[in-house]
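In case you want the letters, here they are:
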Amino acid sequence: MKAFPETFLWGGAVAANQVEGAWLEDGKGISTSDVQPHGVFGEISERKSGDMGIKDVAIDFYHRYPDDIALFAEMGFSCLRVSIAWTRIFPNGDEQQPNEAGLAYYDKLFDELAKHNITPMVTLSHYEMPWGLVKNHGGWGNREVITFFERYARTVFTRFKNKVKLWLTFNEINMSLHAPMTGVGLAGNSIKAEIYQAIHHQLVASALAVKACHELIPDAKVGNMLLGGLMYPLTCKPTDVLETLQENRQWLFFGDVQCRGEYPGYMLRYFRDNNIEIDMSDSDRQALKSTVDFISFSYYMTGCVSADEEVNAKARGNILSMIPNPHLPASEWGWQIDPVGLRVLLNMLWDRYQKPLFIVENGLGAKDKPDADGTVNDDYRISYLNDHLVQVREAIEDGVNVLGYTCWGPIDLVSASKAELSKRYGFIYVDRDDQGNGTLARSRKKSFYWYKDVIASRGSSLKR
Ligand code: BG6
């Protein structure tokens, strides 16, 4: 393979609530993730003293980060995407002053990355917010939360301005449509009008964070983060094609607002047709004008869309209500594997926005089985990642400006959808199971050495 550009960033991505553990340490407050012990689609269960959730310890990254970062450095990472747990900084969300111990922890984390020349990319809110803001203020449904978020964002920008130059606002901001508690702190049975109002507040908050970051760290770049949910028409019937356009717009809408600074006409029509009235002030409209510097997105799978009611009744049913593509294989969790779709998506986003793109999540969740000697020969993961990276290289050749690639979960972690540890993504195996048994010891899988070669050769070791 032709080598990737020299400036291309290589690495991995993790999220605080899926790796850190230490869920009440150093003054941390309870987050929406803490009260969802079974994952982002699970029931809310308020914490009682003595009960244990898998995320309470997760993979104990909070204490083991120096060793884990050393392993990332051994693979040659030039970038690590992490998130800050908002609840470590503002435990209930509405305090006036931040929690110094939380800030001090991230200071140490960023210093450790600097020691290894690894560029941090930091998500401000990755699938969690202070539970206090949900319980006492109504989550993002309440406009007041914009102010709390802005205070949090300004606090971390000010504190880490010399250490972090790449920021992301909300992880998979479009996910709120499928998991309202995780995205916007609203109950699962909230109606569309409530969800879109909360989303509006979050979009305003995201834009205010972009503005604040530009003011406080002039040499920083801020991106949005979309779940790249590319959909194909199930057939070439014009009605299927039109329906697919509408479905893709359900998530592209977020990118349109964050990149173009205003609501697109098709969304205003959707609101009119569905009797949704968004309370949007002139100052909201003004705030939205602060658009992102680059677009980041996750990419795991694609799906199909049909306008035919009967087809839909039979085939839809999974979380994102996609119809399976008859031409694609799937992972053990039913996520359809589509490397070419990544090239399509990169080209589509580049054509639409002409802003640099960053793939901040991609990977294969699988049930690894260590051999008798403890080695994990994860050829399936190598082949998945190889095939996706080949398509990234193709997209660069197509003229798309791709800044970098951080694969999801370079070290095994707790899955977001079901809070499982048996759904492993890592190059590094962690000895812990779904019940929390295990030593938490780390070991290198076969893919560890493979990724190391890919990075060292700037992608020329990839196989077509
Ligand atoms: C993305 C999230 O949706 O997908 C991550 O940003 C998540 O937090 C990842 O872990 C993979 O999903 P899962 O459910 O396999 O962990």
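Residues numbered from 1 in each chain as written. Predicted model: local features only at pLDDT ≥ 70, side-chain atom pairs only at ≥ 80, totals over all residues. Heavy atoms only, no water.

1. Structural notes on the overall build of the chain
So, point 1. Tallying secondary structure elements over the chain gives 15 helices and 12 strands in all.
So, point 2. Its C-alpha atoms give the chain a radius of gyration of 21 Å, near enough to 23 Å, the size a compact globule of 464 residues would have.
So, point 3. Long-range pairs, those at least 24 residues apart, make up 76% of the contacts in the chain between residues at least 6 apart in sequence.
So, point 4. Surface exposure of the chain reaches about 18,000 Å², of which carbon and sulfur atoms provide 51%. (Helix = DSSP H or I, 4+ residues; strand = E, 2+ residues; numbered from the N terminus. Rg over C-alpha atoms; globule rule 2.2 N^0.38 Å. Contact = heavy atoms within 4.5 Å. Areas by Shrake-Rupley, 256 points an atom, 1.4 Å probe, with all protein chains shown as cover.)

2. Quick notes on the site of the ligand
So, point 1. Close to the ligand lie 14 residues; E172, A416, S417, K423 and Y425 are nearest.
So, point 2. Contact distances for the ligand include 2.8 Å between an oxygen atom and a side-chain N or O atom of H126.
So, point 3. A distance of 3.5 Å separates an oxygen atom of the ligand from a polar atom in the side chain of Y300.
So, point 4. Coverage of the ligand by the protein amounts to 96% of the 380 Å² it exposes when considered alone.
So, point 5. Looking at the shell around the ligand, its residues break down into 6 nonpolar, 5 polar and 3 charged. (Near = heavy atom within 4 Å. Polar contact = N/O pair within 3.5 Å; in protein donor to acceptor, adjacent residues only side chain to side chain. Nonpolar A, V, L, I, M, F, W, Y, C, P; charged D, E, K, R; others polar.)

3. Some details on the packing of helix α14 (residues 379-397) against helix α15 (residues 446-456)
So, point 1. Between α14 and α15, the least distance of the axes is 9 Å, while the angle of their chain directions is 25°. Comparing their axes, α15 and α14 come out roughly parallel. For the pair α14 and α15, the sense of crossing is right-handed. Contacts between α14 and α15 involve D379, R381, I382, L385, N386 and L389 on the former and, on the latter, K446, S447, W450 and V454. (Axes fitted to C-alpha atoms, helices over the stretch in contact; angles between N-to-C directions. Parallel < 35°, antiparallel > 145°, perpendicular 65-115°, else oblique. Left-handed = near helix turned anticlockwise from the far one by under 90°.)

4. Examining the packing of helix α2 (residues 61-75) against helix α4 (residues 100-115)
So, point 1. At a minimum axis distance of 10 Å, the contact between α2 and α4 shows a crossing angle of 10°. Of the possible angle classes, the one that applies to α2 and α4 is roughly parallel. Along its contact with α2, which presents F61, Y62, Y65, P66 and I69, the element α4 presents Y105, K108, L109, E112 and L113.
So, point 2. Grouping the amino acids of the contact of α2 with α4 by side-chain chemistry returns 8 nonpolar, no polar and 2 charged.

5. Regarding the environment of W131
So, point 1. Summarising the element assignment, W131 is placed in helix α5 (residues 131-137).
So, point 2. According to the relative accessible area criterion, W131 is buried, its value standing at 10%.
So, point 3. Each C-alpha atom, one on W131 and one on D34, is 8.4 Å from the other, the two residues being 97 residues apart in sequence.
So, point 4. Non-local contacts of W131, meaning those with residues more than four positions away in its chain, are made with I30, S31, T32, V35, I44, E46 and M181.
So, point 5. Looking at W131, its side chain comes within polar contact range of the side chain of E46, at 3.3 Å. (Buried < 20%, exposed > 50% of the residue type's maximum accessible area, 1.4 Å probe, protein only.)

6. Examining the UniProt feature "active site" (unreviewed entry) in the chain
So, point 1. Listed under "active site" (unreviewed entry) in the UniProt record, and renumbered for this structure, are E361.
So, point 2. For E361, the position within the fold is in strand β9 (residues 357-361).
So, point 3. Setting aside chain neighbours within four positions, we find E361 in contact with A13, R81, H126, N171, E172, M225, F297, S298, Y299, Y300, T406 and W408.
So, point 4. Only 2.9 Å separates the side chain of E361 from the side chain of R81, close enough to count as a polar contact. (UniProt positions renumbered as here; feature names shortened; annotations may be inferred.)

7. Let's talk about unusual backbone geometry
So, point 1. A positive phi angle, near 55°, is found at Q354, a position not held by glycine.
So, point 2. You can see Q354 is positioned in the loop between α13 (339-353) and β9.
So, point 3. One non-glycine residue, L440, lies in the positive phi region at around 70°.
So, point 4. Classification of L440 as buried rests on a relative accessible area of 11%.

8. Here's the deal with the pattern of salt bridges
So, point 1. Applying the stated criterion to the full structure yields 36 salt bridges.
So, point 2. The salt bridge involving R143 is made with D284; its shortest N-O contact spans 2.8 Å. Within this pair, whereas R143 is found in the loop between α5 and α6 (144-159), its partner D284 is found in helix α11 (residues 282-287), the two being separated by 141 residues in sequence.
So, point 3. Relative accessible area serves as the criterion here: at 29%, R143 is assigned to the partly exposed category.
So, point 4. Classification of D284 by relative accessible area gives buried; the value is 3%.
So, point 5. Between K445 and D412 there is a salt bridge, with the nearest N and O atoms lying 2.8 Å from each other. In this pair, K445 is assigned in the loop between β12 (442-444) and α15 and D412 in the loop between β10 (402-408) and β11 (428-430), connecting sequence segments 33 residues apart. The pair K445 / D412 is uniform in exposure class, with both members buried.
So, point 6. Taken together, the salt bridges that share partners define one network made up of D368, D378, R381, D412, R424 and K445. (Salt bridge = Lys/Arg side-chain N within 4 Å of Asp/Glu carboxyl O.)

9. Brief notes about the nonpolar core
Taken as a class, soluble globular proteins show a tendency for nonpolar side chains to be buried jointly.
So, point 1. Within the largest apolar cluster, 143 residues are counted, with the highest numbers of intra-cluster contacts made by W140, W167 and Y451.
So, point 2. Broken down by element, this core gets its largest block of residues, 13 residues, from helix α8 (residues 192-216).
So, point 3. Filtering out sequence-adjacent residues up to four positions away, W140 remains in contact with W86, M129, V145, I146, F149, F170, G183, V184, A198, H201, Q202 and A205. (Core = buried A, V, L, I, M, F, W, Y, C linked by side-chain atoms within 4.5 Å.)

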